[in-house]
Structures are given as C-alpha cells and as structure tokens.
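As a plain string of letters, each chain reads:
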Amino acid sequence: MTLLERLAHAPLIGDGATGTYLHELGFDLRDGPEQLSLTAPDAIHRAHAAYLDAGADLIETNTFAANRFALAATPFADRTRDLIRAAVQLAKNAAAQRNAWVAGAVGPATPPDDEEQDPGLLTLAYREQFETLCDCGVDALLLETFEDWHLTAPAVQAALDVAGTRVPVFVNMVFADGFTTSGETAQTIAHRLSEWGVAGVGMNCGRGIEAVSKAVAGLLEGAADCAYVGAFPNAGYPTRIGGRTVYLATPSYIAKQSAEWAAQGVRLIGGCCGTTPDTIRAIAQAVSGMRKIPAPRVTYRASSDCARLHSTARDGIAPPPPPAKQGGFLDAIRDTAFPVIAEIDPPPHLDLMPMLTGARALLDAGASAISLAENPLSSIRMENFYVAERLRRETGKHVICHITGRDRNMLGTQSALMAAHAAHIEAILAVTGDPPVIGGHRRCVAVYENTSTGLVRLLTQLNAGRSVTGRDLRGQCNFSIGVAFNSAAANLGAEVVRLRRKHAEGARFVMTQPVFDLEQARRVLDALSAFPDMRVFLGFLPPVTERLARHLHDEVPGIRLPDAFLQKLFAFADPADQERFAIDETHRLITALRPALHGLYLITPGIKWQAIAEILRNLS
C-alpha cells in the first residue's frame, strides 16, 4: 500500500518534535540536530522508534535544515548529501520495523544575506536536498515551517520539478490568525498549491491550538477535493518557566482537538514544537477510536499534470504584489519640477533644539522634505520617529523617516510604522542598517530579522491595510516607500538587481549615496534609468573640512571621494577656505547635472546645516 492509498483509507498519524525529544535526551542542539545523524545515529534511531511505538504511521527524516546554507559554518559544510543519506537510512530502518512511511523533511533555506544571493543558488540548495531525498527512497517530500509565500514558492517549484510523479509533495505553512506572514489566507494557499499539483497542504507550528483550528477550516475549503489536508500543531504557546521554554498544552487536550480536525476532514495529523511521544500516543488513540470519519474526496493530480506550474513558476512564481501606492510624499511633489530632500541627523544628546532650528532653516531655504536617519553608522541618536512627528506637526512639511532591519524585530518595526502613520508621516526609507560594531557597540546585538527588501514588503502590506500577519488594520497607511542605492558600488549591475527586487515589492523612490564627480553621477543615473517609474534623488554631500573628507573617504562604507577633489581640498590650509571650496564644487556639480535629475538629496555634513542651506538658496 502506498502512502497516498493509506491516506485515502483513513487518517494517518505523523510524528512529533525531534528537537524536543533530543533535548530531553541531553543533546546540545544550538547547531541543529541534523549533524547527529552522523555523530549520534543511535539517538536519532531512538527518537524515530519512540514515535513509532507511540502510534505514528509516518516519521520525518532528520533533514529539516540539512542544506548548504545552514551547514556552511559547521564541520559538515561539504557533507550535505552524506547527512541526508544517513538521516534517510536511519528513518527507513526504523519505519521498516513498523510498516510505516518516511517523509523527507525540508525547512526554509536561509542564505547568509538574502539580498546578496543569486536566486539560482537558493534553487540549487533546495534541489540538492530534494534530489538526495528522492534518490534515497523517501515515500514523500514534506516542506514545513514556511511562513512567507514569496520564500515558499521557489521551494515548492524545486520540489515538484524534482519529484515529478515519483514522490508526492506535501507543504505545511505557518499561519497566524489564518494568514501567512506575507498576508495570504490559508484558503488561498491551499487553493494555489493544490492547483500546482501538491498532494497535501497543511499547517505546522503556529500560535496555539485555536490558531490551528482556524487555519484548518481555510485549508479544507481551499484544497477542496484536490489535496489532502494536514495539521501539525505546537503543544500550545511557548512559555518561559525557570529559564526554560515549555509548552503547556497537554496531550489529552491536543488529542481531543485532533479528533475534531479528523472529523472535519484532516487526513494527516502530527505534532510540532513541544510535542512528545506521549502527545502522539494520545492523538493516535483519539483518532483510531473515532466512529465517523469523512470519506476521502481527494483526487490527487501529480505535478507533471499541472502545466500551469511551470509557466507560472518561471515567469515569476510568486504572485504579483498589490499595486504599489505612490504615497503621500510623492503625491505632494508630483508637480514639483525639482524637489529637494535635505537630511539632518537627530542629535546624539538630549538637546533637540539646535537640530530643529537647522531643519526649519533648511525647509525655509527651499527643501521639499527633511530626511531623518535612524542611528546612522550605528551611532546612538535620538529616536527619529519622535523627531519626525514634531517636525511634521510644527511645520506641516513632509519628513522621510529611515527605518532599519538592524534595530527592531518585526513586532517592534510594525508597531513603530503604525505610530508613524498616526503621526501623519507619509514617507519611509527602508534600509538594512550598518552593523553595530561600526559604531563601536561590540556588545550590542543586531536584529536583522528584516533586510531592506523585507521592510519594503511590510510597508506595502501596511499601505494595503494589512498587518504582517494579514490582519485587517481598519485603514490603510499612505507611505511613499523609498530605498537606498549604493552609488559607489564597484558593481552597479548587482545594485540594480537588488533594486529590482525592492521595486517589485513596492519601492517607488530612491535616495542614492553621495556622488562627487560627473562621471560617477552619470554612471549612477544611467543604471537607474532602468526604473522610469521611480523618483530618483541623487545624493550630494559637501565635505567641508579635510577631517570630514578623510573620514568619508577612508571609514564610511559606500563612499569614495575622487583623488583630484581631495588634492584640491587639502591644498587649502584655512578651514574656511576648505568649506568654501567644498560648497562651490558641490553646487557646480549639481548645476552640471541638473537637467538630468528627477530630484536632489542633500546630506548635511556633520552639524553644518548652513552649508546645505546655502546650496539650497543658490538653487532657487
């Protein structure tokens, strides 16, 4: 009997959390359990046997993070396929003693920097896992714990391409309140994946048993008669007790809920974080004791029969995001012939008044908006959203708030952006953020839960009135979404590739790193001409002192000054003459480029906002 024939006959019981079981055995899992398939095979076999003894009909291989990215910093960096082969053999040996089935488990692959990686490398990493699992004879491929559709789709494509008609593919995603983190409902995901030809759609992990029940209802509706539905819940919410993370949902409670899901039509039920063999034993007993289980209605269609998969996948497998708004700031400057953004940093101390004085002066001199960085170069500054709200309220002018992936997790980021909307901030610049070590904070831990691309995606969701979990926000933000562009990059083509991803997610204006000569500026403008619907603000920063010039040139990432400029600046001994030269050269450069510019981005050199104000006045 095949796995699919068994699913058609009756609900099937999966296993529970391998990591939880191994942790109870005393193993240190900080580097992941995958290595144990080679270093402690008896422990992996023991875990499989425990779940099979508890009543599991299907066990998962110990390969969730057995990919080249996760293993790169381990002694097994070059042994991905060896780990997978060992894991599959351990699972098959255990399953053979119980006539059970083996699913090849694959979790999200995370490149070291998702902005730097060629998407093809991600596909190769997935294919390496799927090909090895299939070649070793697993009964199914099980993709699990995927949260974002944009990151799930490439993995599903690779799995279906590799598996073909040989091995059925099951996909479990994480749903919070019935939504993925990218905003799709469980119903939408189930319908989409079943159309592609997966054998099963389901959920795992998640935010408690009630969230599972909500997701199950959507999955059953969306899958209809095209795919089986699965549920692998956590043992409730994680709770910290005595310095340990524990899960408080009891096996009996989970078993009762599992029986209800089976009665609704769920055919594959197991456990995720916090579940143990006791949990699976209770589920197996509860489901096997049911008298009325819905007859299966599923007509499985193998992926090779789903022609739409390949045309959709290769043309851009993820669905297009909702139409991107221009946002309040870009709408306001639509008819402005030559808009100028002036940047002045929040203070590194508690005296805000000098900075406010400078910002007002820049607006009076002709700036269209003030730009406020968030702890630039990892230096501690006053919180920019507060400063932005005050400027917006007191002047009525637009303020562009930078937000980084360095300083906040997703929870704090969305909270800050909701507050920005309430403060009538209508422009956000999404940046990844410099590492804390640049600012000398060696004990400060960067978050980096989001890169700039992820921040753009979040901003687009907020503009559509949806939270990160897809919840209706009872209104829509009106952010103009901006991103940075490294004008000093050695490979501008790579910068364009990154910008293309951000543009696809909803970015609609660009602020570049400063340029210092005509040749460099024209190269940048030529590269950015590929985005005719994006407003480009070319950056300029007058290095008004020798000290500042040396600092910019030698220490600030992404900035290089021409040798000819430095030689001329250093020829002046008087600081006043240096400042005059820097201002005049910057104005001359702007004047030469002005016919080709969409807008201007003027960066205050240190605290010398007067230099920017002078350039602004000369532009009018």
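The structure we're discussing is the one just above.
About the thresholds
- Residues numbered from 1 in each chain as written.
- Predicted model: local features only at pLDDT ≥ 70, side-chain atom pairs only at ≥ 80, totals over all residues.
- Heavy atoms only, no water.
- Phe/Tyr/Trp six-rings, centres within 6.5 Å; stacked < 30°, edge-to-face > 60°.
- Buried < 20%, exposed > 50% of the residue type's maximum accessible area, 1.4 Å probe, protein only.
- Lys NZ or Arg CZ within 6 Å of the ring centre and 35° of its normal.
- Helix = DSSP H or I, 4+ residues; strand = E, 2+ residues; numbered from the N terminus.
- Expected span 1.5 Å × (residues − 1).
- Contact = heavy atoms within 4.5 Å.
- Pairing = 2+ DSSP bridges.
- Axes fitted to C-alpha atoms, helices over the stretch in contact; angles between N-to-C directions.
- Salt bridge = Lys/Arg side-chain N within 4 Å of Asp/Glu carboxyl O.
- Arc of directions from axis to C-beta.
- Polar contact = N/O pair within 3.5 Å; in protein donor to acceptor, adjacent residues only side chain to side chain.
- Right-handed = clockwise from strand over helix to strand, strands pointing away.
- Core = buried A, V, L, I, M, F, W, Y, C linked by side-chain atoms within 4.5 Å.
- Parallel < 35°, antiparallel > 145°, perpendicular 65-115°, else oblique.
- Left-handed = near helix turned anticlockwise from the far one by under 90°.
- Nonpolar A, V, L, I, M, F, W, Y, C, P; charged D, E, K, R; others polar.

### Structural notes on the packing of aromatic side chains
- Counted by the stated rule, this structure contains 9 aromatic pairs.
- Between F572 and F581 the ring centres are 5.5 Å apart and the planes differ by 40°, which places this aromatic pair in the tilted class.
- A residue is classified by how much of its surface remains accessible, and F572, at 31% relative accessible area, is partly exposed.
- Three or more aromatic residues joined by ring pairs form one cluster here, namely Y126, F130 and F146.
- The cationic tip of R192 hangs over the ring face of W149; the distance from NZ or CZ to the ring centre is 4.7 Å.

### Structural notes on helix α9 (residues 209-223)
- Taking 1.5 Å as the rise per residue, α9 with 15 residues should run 21 Å; its terminal C-alpha atoms sit 21 Å apart, in good agreement.
- For α9, every residue scored as buried is listed here: I209, A211, V212, A215, V216, G218, L219, L220, G222 and A223.
- Buried residues along α9 sit in contact with α8 (186-196), β6 (200-205), β7 (228-233) and α10 (251-264).
- Within two residues after α9, A224 carries a phi angle of roughly 50°, on the positive side.

### Considering the sheet that holds strand β14 (residues 427-431)
- A barrel is described by the order of its strands in space; here 8 strands give the closed sequence β11-β12-β13-β14-β15-β16-β17-β18, paired in parallel fashion. On average, adjacent strands in this sheet sit at an angle of 25° to one another, irrespective of strand direction.
- Here 4 bridges tie β14 to strand β15 (residues 480-485), and the two strands are oriented parallel to one another. Bridge pairing in β15 places I428 opposite I481.
- Helix α14 (residues 353-364) contacts β11 (340-343) and β12 (369-372) of the sheet and is inclined by roughly 145° relative to β12.
- Strand contacts of helix α15 (residues 384-395): β12, β13 (398-404) and β14, with the helix running at about 170° to β13, the strand carrying the most contacts.

### Structural notes on the pattern of salt bridges
- Evaluation of the coordinates by the stated rule reveals 27 salt bridges.
- E128 is the salt-bridge partner of R81, the closest N and O atoms lying 3.9 Å from each other. Of this pair, R81 sits in helix α5 (residues 80-96) while E128 sits in helix α6 (residues 119-135), placing them 47 residues apart in sequence.
- A relative accessible area of 29% places R81 in the partly exposed class.
- The class for E128 is buried, based on a relative accessible area of 12%.
- Here D407 ties to R406 by a salt bridge, and the two come within 2.6 Å at their closest N and O atoms.
- You can call D407 partly exposed: its relative accessible area is 31%.
- The buried category is assigned to R406, whose relative accessible area is 5%.
- Here the salt bridges share partners, and the residues they tie into one network are R68, R81, R127, E128 and E131.

### Considerations on α15
- Taking 1.5 Å as the rise per residue, α15 with 12 residues should run 16 Å; its terminal C-alpha atoms sit 16 Å apart, in good agreement.
- Listed in full, the buried residues belonging to α15 are N384, F385, V387, A388, L391 and R392. Along α15, the residues classed as buried sweep out an arc of 160° about the axis, all on the same side.
- Where α15 is buried, its residues touch α14, β12, β13, α16 (410-422) and β14.
- If you check the start of α15, you find a side-chain oxygen 3.0 Å away from the backbone N of F385, and it comes from E383.
- Phi for G396, located one or two positions after α15, is positive at around 75°.

### Topic: the pairing of β15
- By the criterion of burial, β15 is predominantly enclosed, with 5 of the 6 residues buried.
- In terms of handedness, the path from β14 via helix α17 (residues 452-463) over to β15 forms a crossover that is right-handed.
- You can see the chain leave β15, run along helix α18 (residues 492-505) and come back into strand β16 (residues 509-514), and the turn it takes is right-handed.

### Let's talk about the nonpolar core
- Counting 100 residues, the largest nonpolar core has F329 and F540 as the members making the most contacts within it.
- At 7 residues, the largest contribution of residues to this core is made by helix α23 (residues 609-619).
- If you look at the next biggest cluster of nonpolar residues, it comprises 78 residues, including I84, L122, A155 and V216.

### Notes on the packing of α16 against α17
- Across the interface, α16 lies against α17 with an axial gap of 11 Å and an inter-helix angle of 45°. Judged by the inter-axis angle, α16 sits oblique to α17. The two elements α16 and α17 cross, and the hand of that crossing is right-handed. Within the contact between the two elements, α16 uses M410, T413, Q414 and L417 and α17 uses L455, L458, L459 and L462.
- Broken down by class, the residue content of the contact of α16 with α17 amounts to 6 nonpolar, 2 polar and no charged.

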